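One letter stands for each residue in the lines below.
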2 protein chains.
Amino acid sequence: MKLTEAFQPTLKEVPTEATITSHRLMLRAGLVRQTAAGIYAWLPAGLRVLRAISTIVREEQDRIGAQEVLMPTLQSADLWRRSGRYDAYGPEMLRITDRHERELLYGPTNEEMITDIFGAVVKSYKELPLTLYHLQWKFRDEVRPRFGVMRGREFYMKDGYSFDVSKEGAERNYWRQMLAYLRTFRRIGVNAVPMQADTGPIGGNLSHEFLVLAPAGESGVFYDAAWEGIDWSKRDLDADSAEDLKAVQDVLATHYAATDEKHDEAAWEKVPAEQRREGRGIEVGQIFHLGPKYTEAMGVTVTGEDGSPTHPDMGCYGIGVSRLVGAIIEASHDDNGIIWPESVAPWRFALINLRPGDEATDALCARLYSADPENILYDDRKERAGVKFNDADLLGLPWQVIIGPRGAKAGQVELKNRASGERSEMPVDDFMARFGLKAS
Amino acid sequence: MKLTEAFQPTLKEVPTEATITSHRLMLRAGLVRQTAAGIYAWLPAGLRVLRAISTIVREEQDRIGAQEVLMPTLQSADLWRRSGRYDAYGPEMLRITDRHERELLYGPTNEEMITDIFGAVVKSYKELPLTLYHLQWKFRDEVRPRFGVMRGREFYMKDGYSFDVSKEGAERNYWRQMLAYLRTFRRIGVNAVPMQADTGPIGGNLSHEFLVLAPAGESGVFYDAAWEGIDWSKRDLDADSAEDLKAVQDVLATHYAATDEKHDEAAWEKVPAEQRREGRGIEVGQIFHLGPKYTEAMGVTVTGEDGSPTHPDMGCYGIGVSRLVGAIIEASHDDNGIIWPESVAPWRFALINLRPGDEATDALCARLYSADPENILYDDRKERAGVKFNDADLLGLPWQVIIGPRGAKAGQVELKNRASGERSEMPVDDFMARFGLKAS
């Protein structure tokens, strides 16, 4: 994308409503715009991040055999009356009346709907286990929406639901999701540590939430630094292997991690002092073993192995996809702007032309740009170098490729790594080879 | 995907609420399930079609330089008061009140919101032309939702908006979209003919709607059969070339096409009798030149070439993505079920194992399946051959690959083309080579 053509507005002034770093940076870098309290439009760069995260989430769900569906945003109140949650749910539920005076609601979650769909389709234990998930917009009518997309009202979430005939089966599904989540967050580039959690109004008795260490977090967290060293995306673990799932459980049992609500001072004392990490954490996902709470309440059964009707045992698994965009920034930025992990950056390269109009500079930039226009944001504006460097740091693409008349003449590229700040110069061909780019 | 593991429920009974073919087939083939009046959940096979269509729509928009954003589903009533449409819009608008008694609405379209975002960001004619689009769920509170996803209440739509300083520029954007639309529909596999249309409450003075010939259509249509022969996806036309856009306009001027509202008997008489196509049409898209209607109403200006503030001239461009799923089926089915165009089929191949449990048959099926599991729906169920053939015809994947003990022994594959019904036998290696499959 060429910046002179891109809808990529950067703001110089910090909007006053933004009180936390990620909110300020998302508005300044042109990722989102607020359209109503707690409701945001995603501009091209922000949407690219949202989509990159969604793709990783999908790939890791598909990998463990979960199947994607897409449920609507609006649900009938009657569905929620069947589980007893319609009246129990507080003012966070956005209740709607249609032209025929039928009661609808904007779904804050989908346990009722998925249980209803499941019950209409699945008849026998032979069809289990089954895990269905979707990515869809949801709404929670927060009394004070704030922190940008971190605590918005309309938000994008992946929620998945597993069904099995036994508690043992349900727990197996739970640990499969644990593995998928550990892989997902690692690939997204955040260190999200699983910590035991209360189950709250969703119900159930086994739950973990995944927290990213960042000062803006809503919970206090304590964890063993060993969590930072594990690259789950590289471990060769098979979600279908009982042994491998046990290995995952063992890691959780071995390395301490807890929110302040569940913090255990005695266990914490056993973590070597230099290994202790303490701070605030942002919740970016939560998984629950639900048991048969919803299938019982809604009267959903399948034929069990012994031929008698049985209420399937469920799990539910959420990832806050739009919230993650904010959480990544909270965990990865500096005074100059965002520092995107490579896997979710809106573009991989910022190509900075220091002298638009200079023939050699333009020619080299055009040559580089044409090698991979889909992954390059090309700053071809007639602006001062300082403005371009500032905007590039603000938007935080992983690599800045800087071309000026001197370099262009010598066939040299200056490369800056946004995260480390490291700069190097190299011949154009070396640069192309290093990143697997080919002249078009 | 293996059918024994897939959430792919086929219904034997036709639901009574379904009165048109596409609705019946979508329910029977397990593409969607109704969750409330006019609101549907998309099951895995249906979602795959929805996504395939969305991808083609995006590619053709990106190709002409339109940029993707993502606006929220809920909008503030105040935004619509600025254009004067809040009170003018009828009971199809779903009006919502939040916990603070603020008025919201579920967006049926986005002219106001995109104009507001544009106005906040773009300041000068130098930043134009600009076209932004998004794919998002919308809501229209139809008094009698029916025909399944063809006339649902919550529906998925691509809507795009162009901005330019002059009427000439706006018209150029209009014809660029005309070309993108012709390419899009052709790639999706439907013959959608552009016909002059009234602009209705959206406003403006130049508009075409795109209609697919099918008996369930809401409008009468008349067109020259020449329209069926043009493969826009193969024509080498450049949206940046005035000459090429002129060529598109010439095709529209040359080949007659009109809905009954705009039908001109005198012009129709000039179409050779054997070239006349007459029937019903389903609207799957519409494009409008809007003029400055919304920028004027909402007080949005940019600095013009002469330095004075000017109201940009807009166009808007819609494609009914969820509706298209129904329209494709209306235009492409037979008594046995759906016939998907290859480009949007949920899977490319139905692999039918005629004798699960037979060693050679299972082995050959496993070998074929592993060559491309992402594009194969493998019927590994222990069902009679008749059931499998019926279900394969119903779901309508383009190719059926049929393996029985006799063929497995001889290393032969039976191939059936769903559209033509043509059957052929060939050695396994020839089959693999024909479709570019490689043993894994």
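Note that the structure is predicted; figures quoted are calculated from it, not measured.

(A) Region of interest: the relation of the copies chain B and chain A. Mapping chain B onto chain A calls for a rotation angle of 180° and an axial translation of 0.0 Å; the resulting RMSD is 0.0 Å. In short, the pair behaves as if placed about a two-fold rotation axis. Among all residues of chain B, the minimum C-alpha distance to the rotation axis is found for B:Ile96, at 2.9 Å. Both copies share a contact surface, since 100% of the interface residues of chain B are interface residues in chain A too.

(B) Region of interest: the environment of B:Lys234. Residues and elements named next belong to chain B. Residue position: Lys234 is located in the loop between helix 7 (226-229) and helix 8 (242-254). Given the relative accessible area of 69%, Lys234 is considered exposed. The sequence separation of Lys234 and Ala170 amounts to 64 residues, and the corresponding C-alpha distance is 26 Å.

(C) Examining the domain arrangement of chain A more closely. Residues and elements named next belong to chain A. Assigned domains of chain A: these are domain 1 (21-338) and domain 2 (347-434). Computed from C-alpha atoms alone, the centre-to-centre distance between domain 1 and domain 2 is 39 Å. Taken together, the contacts link 10 residues of domain 1 with 7 residues of domain 2. For the pair domain 1 and domain 2, the summed buried surface comes to about 800 Å²; carbon and sulfur atoms form 51% of the total. Three residues, Arg48, Asn336 and Ile338, lead the burial of domain 1 against domain 2; their summed loss comes to 59% of the area buried on that side. Here Arg418 makes a salt bridge to Asp334, at a shortest N to O gap of 2.8 Å. Inspection of the domain 1/domain 2 interface yields 6 residue pairs in polar contact (both at pLDDT 80 or more). For the side of domain 1 that touches domain 2, the elements supplying multiple residues, two or more each, are helix 1 (21-28), helix 2 (44-63) and strand 18 (337-338).

(D) Expanded view of the interface of chain B and chain A. Counting from both sides, the interface comprises 55 residues of chain B and, opposite them, 55 residues of chain A. Residue B:Arg153 is joined to A:Asp98 by a salt bridge in which the shortest nitrogen-to-oxygen separation is 2.8 Å. At the junction of chain B and chain A, the tally comes to 22 residue pairs in polar contact (both at pLDDT 80 or more). In terms of residue class, the side of chain B that touches chain A is made up of 34 nonpolar, 7 polar and 14 charged.

(E) Here's a closer look at the side chain of B:Glu142. Within the element layout of this structure, B:Glu142 appears in the loop between strand 7 (130-139) and strand 8 (154-164). A distance of 3.3 Å separates a polar atom in the side chain of B:Glu142 from a polar atom in the side chain of B:Arg151. When neighbours within four sequence positions are excluded, B:Glu142 is seen to be in contact with A:Arg99, B:Arg151, B:Gly152 and B:Arg153.

(F) Region of the structure containing the packing of aromatic side chains. What the rule picks out here adds up to 31 aromatic pairs over all chains. Aromatic pair B:Phe222 and B:Trp268: ring centres 5.5 Å apart, planes at 75°, arrangement edge-to-face. Highlighted residues: B:Phe222 in strand 11 (residues 219-224) and B:Trp268 in helix 9 (residues 265-269), separated in sequence by 46 residues. Each member of the pair B:Phe222 and B:Trp268 is classed as buried. Between the aromatic rings of B:Phe431 and B:Phe435, the centroid separation amounts to 5.3 Å while the plane-to-plane angle is 55°, which identifies the pairing as tilted. For the pair B:Phe431 and B:Phe435, a shared accessibility class is recorded, and that class is buried. Among the aromatic side chains, those forming a connected cluster through ring pairs are A:Tyr106, A:Phe139, B:Tyr106 and B:Phe139. The ring of B:Trp232 has B:Arg235 sitting right over it, with the charged end atom 5.2 Å from the ring centre. When the ring centre of B:Trp268 is taken as reference, the NZ or CZ atom of B:Arg276 above it lies at 5.8 Å.

(G) Here's a closer look at helix 11 (residues 321-331) of chain A. Where burial is concerned, most of helix 11 of chain A is hidden: 10 out of the 11 residues are buried. Turning to helix 11 of chain A, its buried residues are A:Val321, A:Ser322, A:Arg323, A:Leu324, A:Val325, A:Gly326, A:Ala327, A:Ile328, A:Ile329 and A:Glu330.

(H) Spotlight on the pairing of strand 1 (residues 32-36) of chain A. All names here are of chain A. Pairing geometry for strand 1 and strand 2 (residues 39-42), over 4 bridges, is antiparallel. By the bridge assignment, Val32 is partnered in strand 2 with Trp42. Remark: 2 residues form the turn of the hairpin made by strand 1 and strand 2, two consecutive strands paired antiparallel; Gly38 in that turn has positive phi of roughly 70°.

(I) Just the sheet that holds strand 6 (residues 103-106) of chain A, in detail. All names here are of chain A. On the basis of which strands lie adjacent, the open sheet formed by 3 strands has the order 4-6-5 and antiparallel pairing. The open sheet terminates on both sides in strands that have one partner only, identified here as strand 4 (74-76) and strand 5 (94-97). When strand polarity is set aside, the average angle formed by the axes of neighbouring strands in this sheet is 35°. Of the pairings in the sheet, the one linking strand 5 to strand 6 comprises 4 bridges and is antiparallel in character. What sits directly across from Arg95, in strand 6, is Leu105.

(J) Region of interest: the environment of A:Ile53. Residues and elements named next belong to chain A. On the secondary structure map, Ile53 appears in helix 2. Remark: the alpha-carbon pair of Ile53 and Arg187, spanning 134 residues in sequence, is separated by 9.1 Å. Apart from residues no more than four positions distant in its own chain, Ile53 is found in contact with Ile188, Val321, Leu324, Val325, Ile328 and Val344.

(K) Examining the packing of helix 6 (residues 167-188) of chain B against helix 8 of chain B more closely. Residue and element names in this part refer to chain B. One way to put it is that helix 6 packs onto helix 8 with a least axis distance of 10 Å and a crossing angle of 70°. Relative to helix 8, the element helix 6 is oriented roughly perpendicular. You can see that helix 6 and helix 8 cross each other, and the crossing is left-handed. Where helix 6 abuts helix 8, its residues Arg172, Trp175, Arg176, Met178, Leu179 and Leu182 lie against Leu245, Val248, Gln249 and Leu252. Residues belonging to the contact of helix 6 with helix 8 are distributed by class as follows: 7 nonpolar, 1 polar and 2 charged.

(L) Broad picture of unusual backbone geometry. Residue and element names in this part refer to chain A. Of note, the bond from Leu128 into Pro129 is cis; its omega dihedral lies within 30 degrees of zero at 0°. Mapped onto the elements, Pro129 comes out in the loop between helix 5 (111-121) and strand 7 (130-139). In this model, Phe147 sits at a positive phi of 60°, which is unusual for a non-glycine residue. Considering the arrangement of structural elements, one finds Phe147 in the loop between strand 7 and strand 8 (154-164). Judged by its relative accessible area of 25%, Phe147 is partly exposed.

(M) Summary view of the sheet that holds strand 23 (residues 423-427) of chain A. Residues and elements named next belong to chain A. The 5 strands lie next to each other as 20-19-21-22-23, forming an open sheet whose pairing is mixed. Pairing within the sheet leaves two strands with one partner each, and these edge strands are strand 20 (376-379) and strand 23. On average, each strand axis in the sheet is inclined to that of its neighbour by 25°, with strand direction left out of account. In the sheet, strand 21 (residues 399-403) pairs with strand 22 (residues 412-417) via 4 bridges, with the strands oriented antiparallel. In the strand pairing of strand 22, Gln400 is matched with Lys416. On the sheet, helix 12 (residues 359-371) packs against strand 19 (349-353), strand 20, strand 21 and strand 22 and is oriented at approximately 165° with respect to strand 19. Helix 13 (residues 385-395) rests against strand 19, strand 20, strand 21 and strand 22 of the sheet, and its axis sits at about 175° to strand 19.

(N) The arrangement of the pattern of salt bridges in detail. All names here are of chain A. Evaluated as defined, the whole model comprises 66 salt bridges over all chains. With a shortest N-O distance of 3.4 Å, Arg406 and Glu425 are connected by a salt bridge. Taken together, the residues span a long stretch of sequence, with Arg406 in helix 14 (residues 405-410) and Glu425 in strand 23 at a distance of 19 residues. Residue classification places Arg406 among the exposed residues on the basis of a relative accessible area of 61%. Assessed through its relative accessible area of 43%, Glu425 is described here as partly exposed.

What counts, and where the lines are drawn
Residues numbered from 1 in each chain as written. Chains lettered and ligands numbered in written order. Predicted model: local features only at pLDDT ≥ 70, side-chain atom pairs only at ≥ 80, totals over all residues. Heavy atoms only, no water. Least-squares fit on C-alpha atoms with pLDDT ≥ 70 in both. Contact = heavy atoms within 4.5 Å. Helix = DSSP H or I, 4+ residues; strand = E, 2+ residues; numbered from the N terminus. Buried < 20%, exposed > 50% of the residue type's maximum accessible area, 1.4 Å probe, protein only. Domains from an automatic or database assignment. Buried area = accessible area lost by both parts, 1.4 Å probe. Salt bridge = Lys/Arg side-chain N within 4 Å of Asp/Glu carboxyl O. Polar contact = N/O pair within 3.5 Å; in protein donor to acceptor, adjacent residues only side chain to side chain. Nonpolar A, V, L, I, M, F, W, Y, C, P; charged D, E, K, R; others polar. Phe/Tyr/Trp six-rings, centres within 6.5 Å; stacked < 30°, edge-to-face > 60°. Lys NZ or Arg CZ within 6 Å of the ring centre and 35° of its normal. Pairing = 2+ DSSP bridges. Axes fitted to C-alpha atoms, helices over the stretch in contact; angles between N-to-C directions. Parallel < 35°, antiparallel > 145°, perpendicular 65-115°, else oblique. Left-handed = near helix turned anticlockwise from the far one by under 90°.

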